[in-house]
Amino acid sequence: MSKLGHVVESVEKYNKFVLDQVKRARADEQFGRELLGRWNDIKAKIPVTRTPTKLPLPRLALPEIDDPGEIARYLFGEGLPGEFPFLNGAYREMYLEPVREIESFEKDDARGSTRPEPARRGEGALDKKIPQAEEPTRLFSGLMLAEDTNERFHYLTQHQRTHRLSTAFDGPTLYGIDSDADGVFGKIGEGGVAIDTVEDMVRLYDGFDLGSPNFSASMTISGPAPIIMAMYIAAAKRRFGPKVVPKLRGTIQADIFKEVQAQNETIFPIEASLRFLTDMVEFTTREMPRWYPISISGYHIGEAGSTPVQQAAYTLSNGFAYAEMFVARGIPVDQFGPRLSFFLDCALDAEYIALARVSRRIWAIGMRDGFGAGPRGQLFKLHTQTSGRSLIAAEFKNNLTRTAAELMLAYMNATNSCHSNSADEPFTTPSEEWIRLAAHGQAILLEESGIFKHTMNMLSGSPGMKAVERAVEAAILDEFREIERLGGVLAAVEDRYQRSQIQNAAHRYEQQIYDGTRPIIGLNRYRNGTEDMPEVKLARTPRKKQQLQVDRLAKFKKKNAEKAKRALDKLADVVESGENCFPILLEAVEVCSLGQITGRLQEVVGRFRPMV
């Protein structure tokens, strides 16, 4: 049995434990009284805050229950926010505004009314404000050359307290190809930013303090991720010196399994790809305690056509497979566990009401009981992106409503960070107008509305949500059992199981649109038949910019020709020896281009060949 099989057993065993605790609470009077006392103590200590309209609300909403069995079901089966099994949130408080006025209310028996009394918060003064938390909004950009994306980054962050940047790369970069390679000139800077050298990386984040606690970078790239990661570290060292490395915050996607299952941007054989990934994880978890060296991504699985359950099941099972791989390398689980992050999409299917909540619970149980991870290693730290697949070209302004609804679902699921897509994405790289509206959608929901900023658990725990949770968890465990039957994640990948299931689901999805059983407003229902396709200005990279990128690359290669040869020879030797090659990558990126490194590594380990 693989670790995934143990995870299934762990979840089933934990569910039985919860039921046993419910029965015990109802049969054992002393245990029941203890639980009721704990519950009442928790409720008594919840601060009360006031909305702008002076409505008193608890800072944490809990169900109105007094039956010891139901209390046991809640505390053990769900957990308070920030407590195992983390169904209601990875942290105690998320999205809440700073405390300005907190009061506790006690009944005045004489008048039957309430009177405010100051709530004690440690030894501090009553009016001491809690520092405002980091915004969960993470903005995504990548276009043309490094300096163009840098300009967009500065535009996007001009109204943010914290700078959380997600970076999209162009096609050649995603495949580890240099901009001067044959046949790629017209693709330079299209759909993402062109990065060939460490000098490009310096330009990309120019003007941002990479070592600041208020800055983090996310890089959406997997095949050549270790090389790009090395470039990022090298660029940071050039600007801020070697002492900046432990301070760097952010994540790089680096998810090889989802590439093979869904996205096709794999450049080395699977075994070699996983080895290079593990080399990077081993280095970063040791030297960069604030960096997430892998973002285990279901988003691209969902965008490729999977069902929501397939997306969650394959993402979680991939995560457990990575954990098993890192343990086999000898990396302590409590060292790499807290540095794993996840990435899911959020569309409009009913499963998304609870998909991330259930994933968080399964991950916590699996990591604790299957891998022996401590509390920090049990956390399912999630970035959510609204669904790109749900965006429709027909009557595209409706995409604003779709994205708004998806944002609501994402925050109901207590996502740690979130990216909202732009309504014009069916046509082009988002324009400034539409990307501002996408960002403002999150600001309206989190800052203008009172839905999330006053009370944790404001929308959690409805009967409908609980029904979805039960159904989704059962379906995810069924997928785990099938993967386990096939021999585990890697064996299932080699058998093309995940890929074939995604393709089947994608076909059903499209068929449902065509036959009308899946309504798409403005496309197959309520369509304005006279509407012409809108005129949308396409974001294209001018030819002169593409030539500039090629010229810069040629200059870099000429300047470092001799050094590059020696660095590539040294890298090849280390790879062939089986040692961790990431420290040598850090040296190589100083004088070698992305394409030069990729090409030399492929000479040593080969190229990826799709399974048939």
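Residues numbered from 1 in each chain as written. Predicted model: local features only at pLDDT ≥ 70, side-chain atom pairs only at ≥ 80, totals over all residues. Heavy atoms only, no water.

> For this particular structure, what's the right way to read the overall build of the protein?
Across its full length, the protein carries 22 helices and 13 strands. Relative to the 2.2 N^0.38 estimate, which gives 25 Å for 612 residues, the radius of gyration of the protein is 25 Å and therefore close to what a compact globule would have. Taking the principal axes of its C-alpha atoms as reference, the protein extends roughly 90 × 60 × 55 Å. Taking all 612 residues of the protein together, 55% fall into the buried category. Accessible surface, the protein: about 26600 Å² in total, of which carbon and sulfur atoms supply 52%. When the 79 basic and 82 acidic side-chain charges of the protein are each reduced to a single mean position, those positions are 3 Å apart. (Helix = DSSP H or I, 4+ residues; strand = E, 2+ residues; numbered from the N terminus. Rg over C-alpha atoms; globule rule 2.2 N^0.38 Å. Buried < 20%, exposed > 50% of the residue type's maximum accessible area, 1.4 Å probe, protein only. Areas by Shrake-Rupley, 256 points an atom, 1.4 Å probe, with all protein chains shown as cover. Lys, Arg positive; Asp, Glu negative; His and termini not counted. Charge placed at Lys NZ, Arg CZ, Asp CG, Glu CD.)

> Quick question: what am I supposed to make of empty space enclosed by the protein here?
Any empty space left between atoms is shown by rolling a water-sized probe over those atoms. Scanning all chains against the criterion turns up five cavities of 30 Å³ or more. Along the walls of the largest cavity sit 18 residues, with Tyr411, Met412, Phe452, Asn457 and Ser460 positioned nearest its centre. Elements supplying a minimum of two residues to the lining of the largest cavity: helix 13 (355–371) and helix 14 (399–412). In the lining of the largest cavity, the residues fall into eleven nonpolar, five polar and two charged. What lines the second largest cavity is a set of 15 residues, among which Ser222, Gly223, Pro226, Ser273 and Phe276 lie closest to the centre. Mapped onto the lining of the second largest cavity, the elements with two or more residues apiece are helix 7 (225–240) and helix 9 (270–287). (1 Å grid on protein atoms, 1.4 Å probe; cavity = no way out; pocket = protein on both sides within 12 Å on 5 of 7 lines; lining within 4 Å. Points joined across faces, edges and corners; volume = space filled by probe spheres on them. Nonpolar A, V, L, I, M, F, W, Y, C, P; charged D, E, K, R; others polar.)

> Any chance you could explain the sheet that holds strand 8 (residues 250–252) here in plain terms?
Think of a sheet as strands paired side by side through backbone hydrogen bonds, with each pair either parallel or antiparallel. The parallel open sheet is built from five strands, whose spatial order is 5-6-7-8-9. Strands at the two margins of the open sheet, each flanked by one partner only, are strand 5 (139–141) and strand 9 (291–292). Examined bridge by bridge, strand 7 (residues 215–220) and strand 8 share three bridges and lie parallel to one another. When the sheet's bridge partners are listed, alanine 217 is paired in strand 8 with glycine 250. (Pairing = 2+ DSSP bridges.)

> Help me out: how do you make sense of the packing of helix 7 against helix 9 in this one?
Axis angle and axis distance: for two packed helices, these are the angle between their axes and the distance between the axes, and together they describe the pair. Two elements in contact, helix 7 and helix 9, have axes whose closest approach is 9 Å; the angle formed by their N-to-C orientations is 30 degrees. As the angle between them shows, helix 7 and helix 9 are arranged roughly parallel. Facing helix 7, whose interface residues are Ala225, Pro226, Met229 and Ile233, helix 9 presents Phe276, Leu277, Met280 and Phe283. Taken together, the residues that form the contact of helix 7 with helix 9 break down as eight nonpolar, no polar and no charged. (Axes fitted to C-alpha atoms, helices over the stretch in contact; angles between N-to-C directions. Parallel < 35°, antiparallel > 145°, perpendicular 65-115°, else oblique. Contact = heavy atoms within 4.5 Å.)

> Teacher, can you tell me more about the pairing of strand 12 (residues 382–386) here?
Consecutive residues of a regular strand have side chains that alternate between opposite faces of the sheet. Along strand 12, five of the five residues are buried, which leaves the element largely enclosed by surrounding structure. Side chains Leu382, Thr384 and Thr386 of strand 12 all project onto a buried face; the interleaved residues His383 and Gln385 project onto the opposite face, where all are buried too. Chirality of the crossover, the property in question, places the unit of strand 11 (residues 340–346), helix 13 and strand 12 among those that are right-handed. In terms of strand pairing, strand 12 meets strand 13 (residues 417–419) through three bridges, oriented parallel. By the bridge assignment for strand 13, glutamine 385 is matched with histidine 419. On the question of chirality, the crossover connecting strand 12 to the parallel strand 13 by way of helix 14 is right-handed. (Right-handed = clockwise from strand over helix to strand, strands pointing away.)

> Would you explain the environment of threonine 53 in this entry?
Mapped onto the elements, threonine 53 comes out in the loop between strand 1 (48–50) and strand 2 (56–58). For threonine 53, the side chain forms a polar contact with the side chain of threonine 51, separated by 2.8 Å. (Polar contact = N/O pair within 3.5 Å; in protein donor to acceptor, adjacent residues only side chain to side chain.)

> I'm lost on the sheet that holds strand 12 in this one. Help?
Taken together, four strands build an open sheet; the order of strands is 10-11-12-13 and the sheet is parallel. In this open sheet, the two strands that pair with only one neighbour each are strand 10 (294–297) and strand 13. Ignoring which end each strand starts from, the neighbouring axes of this sheet average 25 degrees apart.

> Can you walk me through the side chain of threonine 197 in this structure?
Along the chain, the position of threonine 197 falls in the loop between helix 5 (171–174) and helix 6 (198–204). Excluding residues within four positions of it along the chain, threonine 197 makes contact with Met231, Leu553, Phe556 and Ser593.

> Explanation requested: the pattern of salt bridges in the structure shown.
Where side chains of opposite charge bring their charged atoms close, a pairing between them can arise. A full pass over the atoms with the stated rule returns 37 salt bridges. A salt bridge links aspartate 28 to arginine 24, with the nearest nitrogen and oxygen atoms 3.9 Å apart. One network of salt bridges, with partners in common, ties together Arg26, Asp67, Glu70 and Arg73. (Salt bridge = Lys/Arg side-chain N within 4 Å of Asp/Glu carboxyl O.)

> In this structure, what is going on with the packing of aromatic side chains? I would like to understand it.
Here a ring pair, both rings aromatic, is described through the centre-centre distance and the interplanar angle of the planes. For the structure on display, the rule yields 28 aromatic pairs. Ring geometry for tyrosine 95 and tyrosine 411: centres 4.9 Å apart, planes at 85 degrees, overall edge-to-face. Of this pair, tyrosine 95 sits in the loop between helix 3 (68–77) and strand 3 (102–108) while tyrosine 411 is found in helix 14, placing the two residues 316 residues apart along the sequence. Its relative accessible area of 16% is what places tyrosine 95 among the buried residues. (Phe/Tyr/Trp six-rings, centres within 6.5 Å; stacked < 30°, edge-to-face > 60°.)

> Any chance you could explain the confidence of the model for the protein here in plain terms?
Reading predicted coordinates in detail is not appropriate for stretches of low pLDDT. Per-residue pLDDT for the protein has a mean of 90; in total, 93% of the residues score no lower than 70. Here residues 101–130 is a poorly scored stretch, pLDDT under 50, and it has 41 contacts once near neighbours within four places are set aside; other chains count. (pLDDT = per-residue confidence, 0-100.)

> I tried to follow unusual backbone geometry on my own but got confused; where do I start?
Excluding glycine, residues mostly have negative phi values, and the peptide bonds linking residues are mostly trans. The omega torsion of the bond from phenylalanine 84 to proline 85 falls at 5 degrees, within 30 degrees of zero and hence cis. Counting through the fold element by element, proline 85 comes out in the loop between helix 3 and strand 3. Phi is positive for lysine 54, close to 75 degrees, though the residue is something other than glycine. Counting through the fold element by element, lysine 54 comes out in the loop between strand 1 and strand 2. Residue classification places lysine 54 among the exposed positions, given a relative accessible area of 52%. Unlike most non-glycine residues, asparagine 457 shows phi in positive territory, near 70 degrees. Locating asparagine 457 in the fold gives a position in the loop between helix 15 (432–448) and helix 16 (463–485). A relative accessible area of 11% places asparagine 457 in the buried class.

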